[in-house]
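Coordinate inspection notes
As a plain string of letters, each chain reads:
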Amino acid sequence: QVQLVESGGGLVQAGDSLRLSCAASGLTFSSYAMGWFRQAPGKEREFVARITSSGRSTYYTDSVKGRFTISRDNARNTVYLQMNSLKPEDTAVYYCAADSSLVSRISAVTAPSTWNYWGQGTQVTVSS
């Protein structure tokens, strides 16, 4: 049984930093690309960042480039999202996801339907 468990969310002020973690179990972690999505109230789930199974390649949505960093530790079966210079518009539930496919097209990478497994989400609230 695959489980993805996020942690690290919370309430912070604009300009602060947070680091999200996602611990994976029940899958061969090093074979999966890992990603982060977020969903704000009343909005669709949107792609935030992705890291390949090896960790050698990353991709970010434009709105977080230069502020967020995705990384992984395959020995610990954990993926991280370091979020700096947080803005109120970053407020959302953040979800960790795992993808076993080898798709590389951006349109596929950023589509929630591509991803096989999801965590339960962790709330990030950024006050102004």
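Below is a summary of the structure that appears in this document. Being a predicted model, the structure only gives us computed values, none of them experimental. Residue indices follow the written sequence of each chain, beginning from 1 at its first position. Totals for whole chains, interfaces and linings use all residues, but because this is a predicted model, local features are given only for residues with pLDDT of at least 70 and pairs of side-chain atoms are given and counted only at 80 or more. Working from all heavy atoms in the structure, the side-chain values ignore hydrogens and water.

Structural notes on the pairing of strand β7 (residues 68–73)
With burial as the criterion, only one face of β7 is covered, namely that bearing Phe68, Ile70 and Arg72; the residues Thr69, Ser71 and Asp73 on the opposite face remain uncovered. Where β7 meets strand β8 (residues 78–83), six bridges bridge the pair, whose relative direction is antiparallel. Counted as the bridge partner of Ser71 is Tyr80 from β8. The hairpin turn running from β7 into β8, its antiparallel successor, is four residues long, and Asn77 in that turn takes a positive phi close to 55 degrees. Note on exposure labels: buried denotes an accessible area under 20% of the residue type's maximum, exposed denotes more than 50%, and partly exposed covers the range between, all computed with a 1.4 Å probe on protein chains only. A run of H or I in DSSP becomes a helix once it reaches four residues, and a run of E becomes a strand once it reaches two; helices and strands are each numbered from the N terminus. We treat two strands as partners when DSSP finds at least two bridges between them.

As for the environment of Ser101
As for its position among the elements, Ser101 is in the loop between β9 (92–99) and α1 (106–109). Placed 69 residues apart in sequence, Ser101 and Tyr32 show a C-alpha to C-alpha distance of 7.7 Å. Only heavy atoms enter the contact rule, under which two residues are in contact if any of them lie within 4.5 Å. In this view, Ser101 contacts Thr114 and Asn116; residues no more than four positions away in its chain are not counted.

Digging into the side chain of Arg72
With respect to the helices and strands, Arg72 occurs in strand β7. Here Arg72 is buried and forms no salt bridge, its nearest opposite-charge partner Asp73 lying at an N-O distance of 8.2 Å. N or O atoms within 3.5 Å of each other form a polar contact, as long as, within protein, one can give a hydrogen and the other can take it, and as long as residues adjacent in sequence are counted only when both atoms are side-chain atoms. Here Ser53 takes part through its backbone oxygen, which lies 3.5 Å from a polar atom of the side chain of Arg72. A distance of 2.7 Å separates polar atoms of two side chains, one belonging to Arg72 and the other to Asn74. When sequence neighbours within four positions are dropped, the list of residues in contact with Arg72 reads Phe29, Ser30, Tyr32, Ala33, Met34, Ile51, Thr52, Ser53, Gly55, Thr78, Val79 and Tyr80. Charge assignment: positive for Lys and Arg, negative for Asp and Glu; neither His nor the chain ends contribute. The working definition used for a salt bridge is a side-chain nitrogen of Lys or Arg within 4 Å of a carboxyl oxygen of Asp or Glu.

A closer look at the sheet that holds β7
Spatially, β1-β3-β8-β7 is the arrangement adopted by the four strands of the open sheet, whose pairing is antiparallel. Among the strands making up the open sheet, the edge pair consists of β1 (3–7) and β7. On average, each strand axis in the sheet is inclined to that of its neighbour by 15 degrees, with strand direction left out of account. Summarising the sheet, β1 and strand β3 (residues 18–25) pair through five bridges and their orientation is antiparallel. Bridge assignment links Glu6 to a residue of β3, and that residue is Cys22. Only the stretch in contact is used when fitting a helix axis, every axis being a line fitted to C-alpha atoms; angles between N-to-C directions are given from 0 to 180 degrees.

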